[in-house]
Amino acid sequence: MQADTGLSGISAIVTSVQQTMLINDTFTDTNGTNLTAHTPDIKVSTGWVANTGTITIQNNQANSTQNFPYYSIETGQSNVTIQAIVTPSGSPACGLSGRVSNATNSWDIDIGTSGGNLTLTIQEQAAGVFTIRATTTIADPGAPRTVQAVFSGSNVTASINGGNTIAYGSATSNQTVTKHGINMATGWNIDNFSVTNP
C-alpha cells in the first residue's frame, strides 16, 4: 500500500530567480591605490572610471579625502541590484550611485548620520541639480550598515540592513544607463560593493 502524501492531485509550481553577479569588489589592494588603477574581484567589462574627484583604497576599503567624488563602472545592465557596506563620517550624506551618465546625472542612494539617527535618501541628479524623491529617518543601527538599491524599469527602491525600505516609481531619467557606482565624502569608507542582475 502506498502512503498518502497529501499531495495527490496537487500541482506545485516552484519558481526561482537566479541573480548574476556583474560586479564584486572587496577593494583589496595597496593603500593609496586609485580605484582607476585597481581591478575588482569580478567585472564584466572595464574597471572603475573617475567621473569626478578621487577615490582611493585605504585598509581594503574605498576611501576619499574630499567631498563628492563620483566613480562608476560599466555593468552592461540598467536593471540591477547594487549593494555595499557604507561607513559614514558625519555630514554630508553619501553612498551608492545608479544609472550614472556622468558626474552631474545619476540616481544616488545616500545615507547620513546625525544625533544618533540615520537618514536614507533616494535622490535624482539631473544636470547637477539634486531632487529628493524619497527619504526616511531611523535610529542609526550602527555598523555594519548595508545599503541596497534596486533599479527596475522606472522603479527605484532603497533599504538599509534589509529593512526601512523607501521607493520611487517614476525614475525615468537615465533609465537605460548601465554604469553604476559610488559617491563619497571626506572620511567615508565603502566596502563589499556588488552589482547583480536583476
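Reading guide: rules and limits
- Residues numbered from 1 in each chain as written.
- Predicted model: local features only at pLDDT ≥ 70, side-chain atom pairs only at ≥ 80, totals over all residues.
- Heavy atoms only, no water.
- Pairing = 2+ DSSP bridges.
- Helix = DSSP H or I, 4+ residues; strand = E, 2+ residues; numbered from the N terminus.
- Salt bridge = Lys/Arg side-chain N within 4 Å of Asp/Glu carboxyl O.
- Buried < 20%, exposed > 50% of the residue type's maximum accessible area, 1.4 Å probe, protein only.
- Polar contact = N/O pair within 3.5 Å; in protein donor to acceptor, adjacent residues only side chain to side chain.
- Core = buried A, V, L, I, M, F, W, Y, C linked by side-chain atoms within 4.5 Å.
- Contact = heavy atoms within 4.5 Å.
- Axes fitted to C-alpha atoms, helices over the stretch in contact; angles between N-to-C directions.

Now for the pairing of strand β12 (residues 155–160). Here 6 bridges tie strand β11 (residues 146–152) to β12, and the two strands are oriented antiparallel to one another. Each residue of the ladder has a partner; that of Q148, found in β12, is S159. Across 4 bridges, β12 lies against strand β13 (residues 163–168) in antiparallel orientation. When the bridges of β13 are listed, V156 appears paired with Y168. Counting the residues between successive antiparallel strands, the hairpin from β12 to β13 contains 2 residues, one of them, N161, with a positive phi of roughly 55°.

This part covers the pattern of salt bridges. Evaluation of the coordinates by the stated rule reveals 2 salt bridges. Salt-bridge contacts for E124 lead to R133; the nearest nitrogen and oxygen are separated by 2.8 Å. On the basis of relative accessible area, R133 is assigned to the partly exposed category, the value being 34%. Here R145 and D140 are joined by a salt bridge, their closest N and O atoms 2.9 Å apart. With relative accessibility at 12%, the residue R145 sits in the buried group.

For S106, the location among the structural elements is in strand β8 (residues 105–114). A polar contact is formed between the side chain of S106 and the side chain of D108, at a distance of 3.1 Å.

All right, on to the nonpolar core then. Membership of the largest hydrophobic core comes to 40 residues, with the highest contact counts inside it found for L35, L96, I109, I182 and F193. Residues contacting I109, with those up to four places away along its chain left out, are C94, G95, L96, L120, T121, I122, V147, A149, V156 and A158.

Within the secondary structure, L96 sits in strand β7 (residues 94–102). Assessed through its relative accessible area of 1%, L96 is described here as buried. With 12 residues separating them in the primary sequence, L96 and A84 have C-alpha atoms 7.7 Å apart.

On to the sheet that holds strand β5 (residues 70–74), then. The strand order across the open sheet built from 7 strands is β2-β5-β14-β7-β8-β9-β10, with neighbouring strands paired in antiparallel fashion. Looking at the sheet topology across the chains shown, the edges are occupied by β2 (49–52) and β10 (129–139). The average angle at which neighbouring strand axes cross in this sheet is 25°, direction not considered. In this sheet, strand β9 (residues 117–126) lies alongside β8 in antiparallel orientation, the contact comprising 9 bridges.

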